[in-house]
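Chain by chain, the residues run as shown.
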Protein chains: 2
Amino acid sequence: MATTATNRRVILKEYVEGYPREEHMELLRGAEVPLRLTGAEPAGSVLVRNLYLSCDPYMRPKMSRPLRESYTAAFVPGDTITGYGVARVVDSSDPRLAPGDLVWGITGWEDYSVVTPPATRLLSKISHHGAGEGAGVPLSYYTGILGMPGLTAYVGFHEICAPKKGETVFVSAASGAVGQLVGQFARLAGCHVVGSAGSREKVELLKTRFGFHDAFNYKEEPDLGAALKRCFPDGIDIYFENVGGAMLDAVLLNMRVHGRIAVCGLISQYNLADGEKDAVRNLAAVISKRLRLQGFIEPDHKHLYPQYEAWVLPYIRDGTLAYVEDVAEGLESAPKALIGLFHGRNVGKQLVRVADDE
Amino acid sequence: MATTATNRRVILKEYVEGYPREEHMELLRGAEVPLRLTGAEPAGSVLVRNLYLSCDPYMRPKMSRPLRESYTAAFVPGDTITGYGVARVVDSSDPRLAPGDLVWGITGWEDYSVVTPPATRLLSKISHHGAGEGAGVPLSYYTGILGMPGLTAYVGFHEICAPKKGETVFVSAASGAVGQLVGQFARLAGCHVVGSAGSREKVELLKTRFGFHDAFNYKEEPDLGAALKRCFPDGIDIYFENVGGAMLDAVLLNMRVHGRIAVCGLISQYNLADGEKDAVRNLAAVISKRLRLQGFIEPDHKHLYPQYEAWVLPYIRDGTLAYVEDVAEGLESAPKALIGLFHGRNVGKQLVRVADDE
């Protein structure tokens, strides 16, 4: 067995303004790295072989020059990009993890990563995969339905929005990693759910695979407010917000009294400079309709993951929940895959396969 | 004793665009009205002599042509303007109320009003005034600290914002009917509270009468964000929103993680046409700081009034709470007094004395 390997890695070359482009990132061939911990790492470090990497919208704000605080620190030009992924433990000085274990959590955009404390705290052992109890659950799902996007959808819909049977739910970016799950969770909760997406193909997917009661292509709607009025003649009880901007403004006018808005993402705004961000002007509806807007991020709710996993696994196994992934092949395709998110090129959850699980 | 009286009334002449002006309203000399119910009114009606009328910002949206639903129906041109007031019952077919009773609730901008069901449900009997238990509480307070604005401040601060001792609180329109109370409630709750207002006189009032720890005149601040940063170097936990627009945008960037925003009013926006409303562009902070924005209106929380009244009365009686009113004399002064709200001409709670309590 080899004792070293060539470690390729993707770095951020420079801070991004506007839309990210491939030249903002670079794949470095990298050096030979040892396939075990050298002892020079902080105690509790874990060496992993990365198998799947997740492309998520929140990564874009981290690529901007850090002008103000964010909930995640900005990337540093020259450093390896980090994000959620699925990996196999190669060596470990963390007593929770042993070589051979599968984990999901924050790792690097590279072949091998040394994850050091405190980031190791976010590495969760995967116990429901393979030939045992979890047979039939693809490992890649831990970048999505069984990972951060899954818990995001669960917390945002069930905890933040507190849905009641018969309520109306609108989901934007509805075919994405989180949106496709929110739509299905809403259907399971007995809600009437409508989604928006950016192509006819995605709209079809919403209606045929994900069980949305209705869906529309926002790019083909000259008047978003009219589209919402058509889909929700009596108004929207719950809006799961993934996009922001003009869609939020239109939704505000179509909410019902005591409506709830879970603010999960604002992908339409991430590539705009501060002065260019879309104006939201209809906030008077927040008072007249007594709306609640609640921002949230998944790391605040990690303690709910076991509860979520136990709830969602049976639905995955028995086929109740559909889940669509868009898999890019190879670490070298990661920058383009990430960039594609901001142009709506992905269909379903965007991820990158770095290596087969040997 | 006279059996009829001349009833003057203030009508809305036409729907308002932009700032309301005196010519949008008119004082009609009116007709002789009987000083008892005629029997032609709906069962449960109450005839009252109006004593004090309240001028409140929410009345402005009701003066616009009703293009969309609001939580209060629009005024109708030609009809008497309605609003909160304090009145003496003259005659009653409501078993809860007898001639001579004092009430507060929704009444008309006129000398005498016939209040019909279901509006009579909102007439609350005043039991804590005069020589008895409530000695020393001015009747006019039932348009403010003991009325709708008082309950608004209580619900918005204590119920919606759930303050904790030591938290930082920012209040806009802080010398107004609601703001002056929120500031004092925050101080009582052990919070650090800062207010903004539109004149040096008001800023002095905040600091010297209402116990705000600090205050600033927003008209003298070229950069609202910098003013907030100066007053809250470690950020804002709670924002009590009365104004909207540019102030909200600046506040969003200065909120702390898990901050709460009670959206009570947006007075800076009420006189702007739809297309002119100020843009709010910093909503990304709702996610990065996991903020909660909650709109609310007092009528949803009427059931808390007895609890609020019992809590606040001792503080009024023992002088713990200061309360400043701006009293206009006579029904004929009501239009000008209401208009003044939108130019910040009032200092403290704006009300109109229609008649002394005979």
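Just so we're clear, the structure is a prediction, and the values are computed from it rather than from any experiment.

Caption draft 1: Examining the overall build of chain A more closely. Tallying secondary structure elements over chain A gives nine helices and 17 strands in all. Over its C-alpha trace chain A gives a radius of gyration of 21 Å, about what one expects of a compact globule, namely 21 Å for 358 residues. In terms of its C-alpha atoms, chain A occupies a principal-axis envelope of roughly 65 × 45 × 35 Å. Surface exposure of chain A reaches about 14200 Å², of which carbon and sulfur atoms provide 52%. In chain A, 38 side chains carry a positive charge and 42 a negative one; their mean positions are 4 Å apart.

Caption draft 2: Main features of the packing of aromatic side chains. The tally for this structure, following the rule as stated, stands at 30 aromatic pairs over all chains. Relative to B:Phe296, the ring of B:Phe240 lies with its centre 6.2 Å away and its plane at 75 degrees, an arrangement referred to as edge-to-face. Linking B:Phe240 in strand E13 (residues 236–241) with B:Phe296 in the loop between strand E15 (292–295) and helix H8 (305–317), this pair joins segments that are 56 residues apart in sequence. Here B:Phe240 matches B:Phe296 in class, with each residue buried. In this structure an aromatic cluster arises from ring pairing among A:Tyr58, A:Tyr84, A:Trp104, A:Tyr154, A:Phe185, A:Tyr305, A:Tyr308, A:Trp311 and A:Tyr315. One Lys or Arg, A:Arg49, reaches over the ring of A:Tyr112 and ends 4.9 Å from the middle of that ring.

Caption draft 3: Geometry of the sheet that holds strand E12 (residues 214–217) of chain B. The strand order across the open sheet formed by 12 strands is E12(A)-E11(A)-E10(A)-E13(A)-E14(A)-E15(A)-E15(B)-E14(B)-E13(B)-E10(B)-E11(B)-E12(B), and the pairing between neighbours is mixed. The open sheet terminates on both sides in strands that have one partner only, identified here as strand E12 (214–217) of chain A together with E12 of chain B. Across this sheet, the average inter-strand angle for adjacent strands is 15 degrees, counted without regard to direction. Contacting strand E10 (168–171), strand E11 (192–197), E12 and strand E13 (236–241) of chain A, helix H5 (residues 224–231) of chain A runs over the sheet at an angle of about 165 degrees to E12(A).

Caption draft 4: Representation of the relation of the copies chain A and chain B. Of the two same-sequence chains, chain A is brought onto chain B (RMSD 0.1 Å, axial shift 0.0 Å) by a rotation of 180 degrees. The superposition of one copy onto the other is thereby described by a two-fold rotation axis.

Caption draft 5: Layout of the interface of chain A and chain B. Taken together, the contacts link 34 residues of chain A with 34 residues of chain B. In total, chain A and chain B occlude about 2800 Å² of area from one another, counting both sides; carbon and sulfur atoms represent 60% of this. When residues of chain A are sorted by the area they lose upon contact with chain B, A:Arg281, A:Ile287 and A:Arg290 head the list and together hold 24% of the total. Among the salt bridges present, the one from B:Arg290 reaches A:Asp300, with a minimum N-O distance of 2.7 Å. Along the contact surface separating chain A from chain B lie 10 residue pairs in polar contact (both at pLDDT 80 or more). Residues belonging to the side of chain A that touches chain B are distributed by class as follows: 17 nonpolar, seven polar and 10 charged. Taken together, the three bridges between strand E15 (residues 292–295) of chain A and E15(B) define a ladder with antiparallel strand orientation. Its bridge partner lying in E15(B), A:Gln294 is registered against B:Arg292.

Caption draft 6: Fine view of the side chain of B:Thr107. Residues and elements named next belong to chain B. Secondary-structure assignment places Thr107 in strand E7 (residues 102–108). In this structure the side chain of Thr107 is engaged in a polar contact, spanning 2.6 Å, whose partner is the side chain of Asn50. Within the structure, Thr107 has its side chain in polar contact with the side chain of Ser113 (distance 3.2 Å). Setting aside residues no more than four positions away along its own chain, Thr107 makes contact with Val48, Asn50, Leu53, Ile81, Thr82, Gly83, Tyr84, Gly85 and Ser113.

Caption draft 7: Local environment of the packing of helix H5 (residues 224–231) of chain B against helix H6 (residues 246–254) of chain B. All names here are of chain B. The contact between H5 and H6 brings their axes to 9 Å, and the two run at 45 degrees. Here H6 runs oblique to H5, going by the angle between their axes. Both H5 and H6 take part in a crossing whose hand is right-handed. Listed contacts from H6 to Leu224, Gly225, Leu228 and Lys229 of H5 are Ala246, Met247, Ala250, Val251 and Asn254. Residue composition of the contact of H5 with H6, grouped by class: six nonpolar, two polar and one charged.

Caption draft 8: Layout of the domain arrangement of chain A. Residues and elements named next belong to chain A. Taken domain by domain, chain A comprises domain 1 (4–144 + 324–353) and domain 2 (148–299). Here domain 1 and domain 2 have C-alpha centroids that lie 28 Å from each other. Counting from both sides, the interface comprises 23 residues of domain 1 and, opposite them, 18 residues of domain 2. Overall, the association of domain 1 and domain 2 removes approximately 1700 Å² of surface from exposure, summing both partners, and the carbon and sulfur fraction of that is 60%. Counting the surface domain 1 buries against domain 2, the share from its top three residues, Tyr84, Val324 and Val347, is 28%. At the junction of domain 1 and domain 2, the tally comes to six residue pairs in polar contact (both at pLDDT 80 or more). Across the side of domain 1 that touches domain 2, the residue classes break down as 12 nonpolar, six polar and five charged.

Caption draft 9: A look at unusual backbone geometry. Geometrically, the link from A:Pro117 to A:Pro118 is a cis peptide bond, its omega value of 5 degrees lying close to zero. With phi around 65 degrees, B:His258 is a residue other than glycine that occupies positive phi space. Inspection of the secondary structure puts B:His258 in strand E14 (residues 255–263). Positive phi, close to 50 degrees, is recorded for B:Arg290, a residue that is not glycine. As for its placement among the helices and strands, B:Arg290 is situated in the loop between helix H7 (284–288) and E15. On the basis of relative accessible area, B:Arg290 is assigned to the buried category, the value being 13%.

Caption draft 10: Geometry of helix H2 (residues 148–160) of chain B. All names here are of chain B. Counted residue by residue, H2 has 11 buried out of 13 residues, so it is predominantly covered. Among the residues making up H2, those that are buried are Met148, Pro149, Gly150, Leu151, Thr152, Ala153, Tyr154, Val155, Gly156, Phe157 and Ile160. Backbone geometry just downstream of H2 places Ala162 in the positive-phi region, at approximately 45 degrees.

Caption draft 11: Fine view of H5(A). All names here are of chain A. Within H5, the full set of buried residues consists of Leu224, Gly225, Ala227, Leu228 and Cys231. Along H5, the residues classed as buried sweep out an arc of 160 degrees about the axis, all on the same side. If you check the start of H5, you find a side-chain oxygen 2.9 Å away from the backbone N of Gly225, and it comes from Asp223.

Thresholds applied
- Residues numbered from 1 in each chain as written.
- Chains lettered and ligands numbered in written order.
- Predicted model: local features only at pLDDT ≥ 70, side-chain atom pairs only at ≥ 80, totals over all residues.
- Heavy atoms only, no water.
- Helix = DSSP H or I, 4+ residues; strand = E, 2+ residues; numbered from the N terminus.
- Rg over C-alpha atoms; globule rule 2.2 N^0.38 Å.
- Areas by Shrake-Rupley, 256 points an atom, 1.4 Å probe, with all protein chains shown as cover.
- Lys, Arg positive; Asp, Glu negative; His and termini not counted.
- Charge placed at Lys NZ, Arg CZ, Asp CG, Glu CD.
- Phe/Tyr/Trp six-rings, centres within 6.5 Å; stacked < 30°, edge-to-face > 60°.
- Buried < 20%, exposed > 50% of the residue type's maximum accessible area, 1.4 Å probe, protein only.
- Lys NZ or Arg CZ within 6 Å of the ring centre and 35° of its normal.
- Pairing = 2+ DSSP bridges.
- Axes fitted to C-alpha atoms, helices over the stretch in contact; angles between N-to-C directions.
- Contact = heavy atoms within 4.5 Å.
- Least-squares fit on C-alpha atoms with pLDDT ≥ 70 in both.
- Buried area = accessible area lost by both parts, 1.4 Å probe.
- Salt bridge = Lys/Arg side-chain N within 4 Å of Asp/Glu carboxyl O.
- Polar contact = N/O pair within 3.5 Å; in protein donor to acceptor, adjacent residues only side chain to side chain.
- Nonpolar A, V, L, I, M, F, W, Y, C, P; charged D, E, K, R; others polar.
- Parallel < 35°, antiparallel > 145°, perpendicular 65-115°, else oblique.
- Left-handed = near helix turned anticlockwise from the far one by under 90°.
- Domains from an automatic or database assignment.
- Arc of directions from axis to C-beta.

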